[in-house]
Amino acid sequence: MVQKISIRLGESGDDFVQRIGKKAVRVNKQPAGMNFYDIDWTIYNPGPGQITFEHGMHTFTISNALGAMGSTFEPDNHKWGIFSFDLSFGLTAPELIPHDEARQKFIALLKMLQEKGWRQFYYRDAARIMGRSSLHSINIDVRYIPTFEEWIALEDGAGWNLEADGVYMRIVMYRDDDRLNPLQPGAYFMTMELHNEEDEVRSHFLYEDRDNWKVLWPDRMKKAHESRTKEEAAARAKGYQIDTDYQDPPIKSLIKPELKVKVGDVCPKDGIWEASRTDSMAETLATYHGRWRQFTQGQTVTGFGQGLPGFDEDNKLITWTWRKPLP
């Protein structure tokens, strides 16, 4: 059976099964459209396994994997592919592990993720409690390293939230309540949920409103931030530290791509356009007042010194970006 797999969000369930292998993936398709694709390294496929989550520069690998399950929801008008994965894994291959070794293994996991660009994520309607103060919340600050005493005192089901380039992660730690003696080994079980931006933003709304979330988003976020303000005021009253520098990750699907053209292209939109370069002349051009120019739709976009020796080749390095409408 398959021991090492790679997973990625957005892949269709059928492609996932074909790539991993039909013998390794158990498929559970529900009549309502929720489909589950399960890989098990405990009973059906003795392991442990190894999972590589592919996400560009944020790609990482989990060892000692026990299971992985992808989810799709595919009525005719919703074909997003696999929008979430639920992973389960141990901190080491042996079931029992000294508590401080478990702490250090988990700290190493969080450090690895942060080095790959994953960062602290706060629910948009929740207080941004940071540092040691976050040990009292449902979302522990990934940047804080708990002491051994703090680690032992964590509740079963303690969780950490991270985000990277439109993918949201929650890690939860479970352990055997009968093995909490700090002088004896413990038994740990970790879960990791990974889900895409569409799933994250739609979760803020009732089912009947989810298809219209983009229109409803501004009002929903206004209410979320009002809730955050109240929670943070209560947290400050308890002496908790608030991360006032934190900014919610942008919603990529709400960001309109910049309109860009090259010299010689036909202008697609009236407006004020700005010239830029990415070579050694970038800083010089960025301070040149003439980098701003008006173009109208249908006009051929011009460069600088066209027709003069060397300028035509130079103009190939220029990109014009639409900045604002004509006055």
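Everything discussed here concerns the structure shown above.
Residues numbered from 1 in each chain as written. Predicted model: local features only at pLDDT ≥ 70, side-chain atom pairs only at ≥ 80, totals over all residues. Heavy atoms only, no water.

J.: What is the right way to look at the nonpolar core in this model?
T.: Nonpolar side chains in soluble globular proteins generally cluster together in the buried interior. Membership of the largest hydrophobic core comes to 46 residues, with the highest contact counts inside it found for Trp118, Trp160 and Ile171. A total of five residues in this core trace back to one element, the largest contributor, which is helix H2 (residues 99–115). Trp160 has contacts with Phe106, Leu110, Asn139, Ile140, Asp141, Val142, Trp151, Leu154, Met169, Arg170, Ile171 and Met173, leaving out every residue within four places of it along the chain. In terms of nonpolar packing, the next biggest core, distinct from the first, is built from 12 residues, Phe121, Tyr122, Phe205 and Trp217 among them. (Core = buried A, V, L, I, M, F, W, Y, C linked by side-chain atoms within 4.5 Å. Buried < 20%, exposed > 50% of the residue type's maximum accessible area, 1.4 Å probe, protein only. Helix = DSSP H or I, 4+ residues; strand = E, 2+ residues; numbered from the N terminus. Contact = heavy atoms within 4.5 Å.)

J.: Help me out: how do you make sense of the packing of aromatic side chains in this one?
T.: Note on aromatic pairs: each is described by the distance of the centres and the angle between the planes. Summed over all chains, the structure comprises 16 aromatic pairs. An angle of 40° between the planes, with centres 6.4 Å apart, marks the rings of Tyr174 and Phe189 as tilted. Here Tyr174 is found in strand S10 (residues 167–175), whereas its partner Phe189 is found in strand S11 (residues 186–196), with 15 residues between them in sequence. Residue classification places Tyr174 among the partly exposed positions, given a relative accessible area of 34%. For Phe189, a relative accessible area of 35% corresponds to the partly exposed category. Here Tyr288 and Phe304 contribute two aromatic rings whose centre-to-centre distance is 5.9 Å and whose plane-to-plane angle is 65°, an arrangement assigned as edge-to-face. Here the residue Tyr288 occupies a position in the loop between helix H6 (282–286) and strand S14 (292–295), and Phe304 occupies one in the loop between S14 and helix H7 (311–315), the gap between them amounting to 16 residues. Judged by its relative accessible area of 39%, Tyr288 is partly exposed. (Phe/Tyr/Trp six-rings, centres within 6.5 Å; stacked < 30°, edge-to-face > 60°.)

J.: Sorry, what's going on with the side chain of Asp141 here?
T.: Following the sequence through the fold, Asp141 ends up in the loop between strand S8 (119–120) and helix H3 (148–153). A polar side-chain atom of Asp141 sits 2.8 Å from a polar atom in the side chain of Arg143. Those residues in contact with Asp141 that lie beyond four places of it in its chain are Gln120, Tyr122, Met130, Gly131, Ser134 and Trp160. (Polar contact = N/O pair within 3.5 Å; in protein donor to acceptor, adjacent residues only side chain to side chain.)

J.: Explanation requested: H2 in the structure shown.
T.: Residues spaced three or four apart along an α-helix face the same direction, because each turn holds 3.6 residues. Taking 1.5 Å as the rise per residue, H2 with 17 residues should run 24 Å; its terminal C-alpha atoms sit 24 Å apart, in good agreement. Buried within H2 we find His99, Ala102, Arg103, Phe106, Leu109, Leu110 and Leu113. Considered in projection along H2, the buried side chains sweep an arc of 120° and stay on one side of the axis. In H2, the exposed residues that point more than 90 degrees away from the buried face are Lys111 and Glu115. Within two residues after H2, Gly117 carries a phi angle of roughly 95°, on the positive side. (Expected span 1.5 Å × (residues − 1). Arc of directions from axis to C-beta.)

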